[in-house]
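Geometric and topological summary
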Number of protein chains: 2
Amino acid sequence: MVTLSEENYLKAIYHLGKQGRVAVSTNAIAEKIDSKASSVTDMIKKLAEKNLANYIKYQGVTLTESGRLAAALVIRKHRLWEVFLVEKLNFSWDEVHDVAEQLEHIKSLKLVNELDALLGFPTHDPHGDPIPDKDGNYAPIKSVNILEVKPGNEGVLAQVKDSSDVFLRYLNKNNLALGDTIKVIDFEPFDNSLTIETASQKMIISSEVAKNLYISL
Amino acid sequence: MVTLSEENYLKAIYHLGKQGRVAVSTNAIAEKIDSKASSVTDMIKKLAEKNLANYIKYQGVTLTESGRLAAALVIRKHRLWEVFLVEKLNFSWDEVHDVAEQLEHIKSLKLVNELDALLGFPTHDPHGDPIPDKDGNYAPIKSVNILEVKPGNEGVLAQVKDSSDVFLRYLNKNNLALGDTIKVIDFEPFDNSLTIETASQKMIISSEVAKNLYISL
DNA sequence: TTTAGTTTTTAGTCTTATCTAAAAATATTT
DNA sequence: AAATATTTTTAGATAAGACTAAAAACTAAA
Ligand SMILES: [Mn+2]
Ligand SMILES: [Mn+2]
Ligand SMILES: [Mn+2]
Ligand SMILES: [Mn+2]
């Protein structure tokens, strides 16, 4: 049995350390889940005890095979629920994350897999993030950060790395949505801002915004 | 904020005490939620502190108006989720209760109300239990226990009072389902068993079973 | 109306998941 | 290679929710 809190730690380690394959620092985890380093140390020990994590004092933590699978299944549930909320319950993409944070902890294999079927086995969630299958696998991501696109080139907005409501509402306000074609017009070295052009407008986005936009070419 | 544990106590008091209007004993609650009387006393105090319950030492507990509403909303969620699982995710009526026990604690008003709409505003769950509306109200129940039906009379199976998988699987095995027309043939005073007849068969049911079957005439 | 039995409450302990403050280990600078 | 700074771990505390055992309050029987 994996507790709700343990699941959240597994997710954090998975996300911070390339699916838990690269050692993650205590502080990084604490920052991610908004807790303290001492709490993280305690929990990591517990995860190691349960064979979900590999832990060597002072050297960070990675996930074991079963830890990685457990994390992927939580993420699978999170993303499937997000799709459900948008596709079936009229939520917009900026409203789903917090509810999915709760729903991802519901325990029932049948529930997840039937939900998957109901939704037509989606491969991506409303933010463009890939949905792991039953074995925790998903197709490699081919989208690239917009800051790496050379001025003059264009692509389709495929993924946003920040799922917070503030960020997504910024995009709503500025008429930017997944699937939009975006052309990079200019890069400004002074503040790393970007001038982009969509079907409806030309605009400048800050580097904080640009960091979170991923395009497929 | 009402915690998951508090919600479970509210539900228990609501069910045991005519929607929390009749005083419920510490022991009865302990029995219902499979805990100990001392734990119940502690929690009752907390509920009273939060103005969800009325508590006088040694005299049991009732719910306040806001306690009653909170309880009804948890029950509303529980039953809506049960309908969802059966109608949309191919669960059978004996598989839904345990998952609904988890889902009933998800916090999102929009989620509940959109779910309600998706399901077409159902009035009853898969076990025939009424679904409270947003204000916690539901139509009065008109079904009657089968033990009160005089031999020779018949009615439609409208509600089962036990939602456990063991009981529901017993009904499955014996081809009894909500909506079936049941005729009472005979009552046996020796053990309070009942002979009943459905479209497909004639059978004897024990009083333990009969106690849980409610019919509308 | 005492006495005996039952129910409820209190007192004290435990577990899980947190936290703060201090100690220990590792990293980075001079 | 010291000295300093940063990170991580340990030690000790706290809050929620549960438990056992014992005390207190009610209820029923004699
Ligand atoms: Mn999310
Ligand atoms: Mn997402
Ligand atoms: Mn149920
Ligand atoms: Mn039910």
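Residues numbered from 1 in each chain as written. Chains lettered and ligands numbered in written order. Predicted model: local features only at pLDDT ≥ 70, side-chain atom pairs only at ≥ 80, totals over all residues. Heavy atoms only, no water.

Take the pairing of strand β8 (residues 213-216) of chain B next. All names here are of chain B. Relative to β8, strand β3 (residues 144-145) runs antiparallel, the two sharing two bridges. For N145, the partnering residue across the bridge sits in β8 and is Y214. Bridge count for strand β4 (residues 154-160) against β8 is four bridges, and the pairing is antiparallel. If you follow V160 over to β8, its bridge partner there is L213. (Pairing = 2+ DSSP bridges. Helix = DSSP H or I, 4+ residues; strand = E, 2+ residues; numbered from the N terminus.)

Looking now at the pattern of salt bridges. Under the counting rule described, the total for this entry stands at 22 salt bridges over all chains. B:R68 is the partner of B:E65 in a salt bridge, and the nearest nitrogen-oxygen pair spans 3.2 Å. Here B:R68 and B:E65 lie together in helix α4 (residues 65-89), a separation of three residues that amounts to about one turn. A relative accessible area of 55% means that B:E65 is categorised as exposed. When salt bridges with common partners are traced through the structure, they connect A:E6, A:K46 and A:K50 into a single cluster. (Salt bridge = Lys/Arg side-chain N within 4 Å of Asp/Glu carboxyl O. Buried < 20%, exposed > 50% of the residue type's maximum accessible area, 1.4 Å probe, protein only.)

Attention shifts here to the relation of the copies chain A and chain B. Note on the chain copies: they are related by a rotation about an axis and a translation along it. Overlaying chain A on chain B yields an RMSD of 0.1 Å, the required transformation being a rotation through 180 degrees with an accompanying axial translation of 0.0 Å. On this basis, the relationship between the two copies can be described by a two-fold rotation axis. No C-alpha of chain A lies nearer the rotation axis than that of A:L103, which sits 3.8 Å from it. Interface residue correspondence from chain A to chain B reaches 100%, placing this contact among same-surface, isologous pairings. (Least-squares fit on C-alpha atoms with pLDDT ≥ 70 in both. Contact = heavy atoms within 4.5 Å.)

Around DNA strand D, 21 residues are found, and the nearest of them are A:K45, A:Y55, A:K57, B:S39 and B:K46. For DNA strand D, the backbone portion of the atoms within 4 Å of the protein, that is sugar and phosphate, comes to 81%. In this structure, a phosphate oxygen belonging to DNA strand D sits 3.0 Å away from a side-chain N or O atom of B:T3. In the environment of DNA strand D, a phosphate oxygen lies 3.1 Å from a nitrogen or oxygen atom belonging to the backbone of B:K36. (Near = heavy atom within 4 Å. Polar contact = N/O pair within 3.5 Å; in protein donor to acceptor, adjacent residues only side chain to side chain.)

Residue and element names in this part refer to chain A. Surrounding the manganese ion (ligand 2) are the protein donor atoms E82 (OE), D125 (OD) and H127 (ND1), which sit 2.2 to 2.3 Å from the metal. For the manganese ion (ligand 2), the single-chain donor residues occur in sequence as E-x42-D-x1-H. Take D125: its relative accessible area is 5%, and that puts it in the buried class. (Donors = N, O, S within 2.8 Å, 3.2 Å for Na, K, Ca; no water.)

All names here are of chain A. Taken in spatial order, the six strands make up an open sheet running β3-β8-β4-β5-β6-β7, and their pairing is antiparallel. Unpaired on one side and paired on the other, β3 (144-145) and β7 (202-205) mark the two borders of the sheet. Where strand β6 (residues 193-197) meets β7, four bridges bridge the pair, whose relative direction is antiparallel. When the bridges of β7 are listed, I196 appears paired with M203.

Before going further, it helps to spend a moment on the domain arrangement of chain A. For chain A, the domain assignment lists domain 1 (4-63) and domain 2 (144-216). Between domain 1 of chain A and domain 2 of chain A, the C-alpha centre-to-centre distance is 32 Å. (Domains from an automatic or database assignment.)

A few words on unusual backbone geometry. Residue B:Q19 is not a glycine yet carries a positive backbone phi of 65 degrees. Turning to its location among the elements, B:Q19 is positioned in the loop between α1 (4-16) and α2 (26-32).

Before going further, it helps to examine the interface of chain A and chain B. If you look at the interface, chain A gives 20 residues, while chain B gives 20 residues. Summing both sides of the interface, chain A and chain B together bury roughly 1600 Å²; the carbon and sulfur share of this comes to 71%. Sorting the residues of chain A by area buried against chain B places A:L89, A:Q102 and A:K110 first, and these three jointly supply 28% of that buried surface. Our count for the contact surface shared by chain A and chain B stands at two salt bridges. A salt bridge links A:K110 to B:E95; the nearest nitrogen and oxygen atoms lie 3.4 Å apart. The interface formed by chain A and chain B includes six residue pairs in polar contact (both at pLDDT 80 or more). (Buried area = accessible area lost by both parts, 1.4 Å probe.)

Within this structure, the stated rule accounts for four aromatic pairs over all chains. Ring geometry for A:W81 and A:F84: centres 5.5 Å apart, planes at 80 degrees, overall edge-to-face. Remark: A:F84 and A:W81 occur in helix α4 (residues 65-89); sequence separation between them is three residues, near one turn of the helix. Each member of the pair, A:W81 together with A:F84, is buried. Note on A:W81 and B:W81: the rings are 5.9 Å apart at their centroids and 85 degrees apart in plane angle, and the pair reads as edge-to-face. (Phe/Tyr/Trp six-rings, centres within 6.5 Å; stacked < 30°, edge-to-face > 60°.)

Another point: the sheet that holds strand β5 (residues 181-188) of chain B. Adjacent strands of a sheet pair through backbone hydrogen bonds, lying either parallel or antiparallel. Residues and elements named next belong to chain B. Within the open sheet, the six strands sit side by side as β3-β8-β4-β5-β6-β7. Their pairing is antiparallel. With partners counted over all chains shown, the strands left at the sheet margins are β3 and β7 (202-205), one partner each. As defined by bridge partners, β4 adjoins β5 across three bridges and the pair is classed as antiparallel. Bridge pairing in β5 links V156 to T181.

Residue and element names in this part refer to chain A. Donor atoms from the polypeptide that bind the manganese ion (ligand 1) are H78 (NE2), E82 (OE) and H97 (ND1), placed at 2.0 to 2.1 Å. For the manganese ion (ligand 1), the donor residues sit on a single chain with the sequence spacing H-x3-E-x14-H. Here the manganese ion (ligand 1) and the manganese ion (ligand 2) are spaced 3.4 Å apart, with E82 acting as a shared donor. Here the residue E82 occupies a position in helix α4, and H97 occupies one in helix α5 (residues 96-103), the gap between them amounting to 15 residues. Owing to a relative accessible area of 1%, E82 belongs among the buried residues under this scheme.

Looking now at the packing of α1(B) against α4(B). Residues and elements named next belong to chain B. For the pair α1 and α4, the least separation of the axes is 9 Å and the interaxial angle reads 95 degrees. Accordingly, the angle class assigned to the pair α1 and α4 is roughly perpendicular. Across from E7, L10, K11, Y14 and H15 in α1, the residues of α4 making contact are G67, R68, A70, A71, A72, V74, I75, K77, H78 and R79. A class-by-class count of the residues in the contact of α1 with α4 yields seven nonpolar, three polar and five charged. (Axes fitted to C-alpha atoms, helices over the stretch in contact; angles between N-to-C directions. Parallel < 35°, antiparallel > 145°, perpendicular 65-115°, else oblique. Nonpolar A, V, L, I, M, F, W, Y, C, P; charged D, E, K, R; others polar.)

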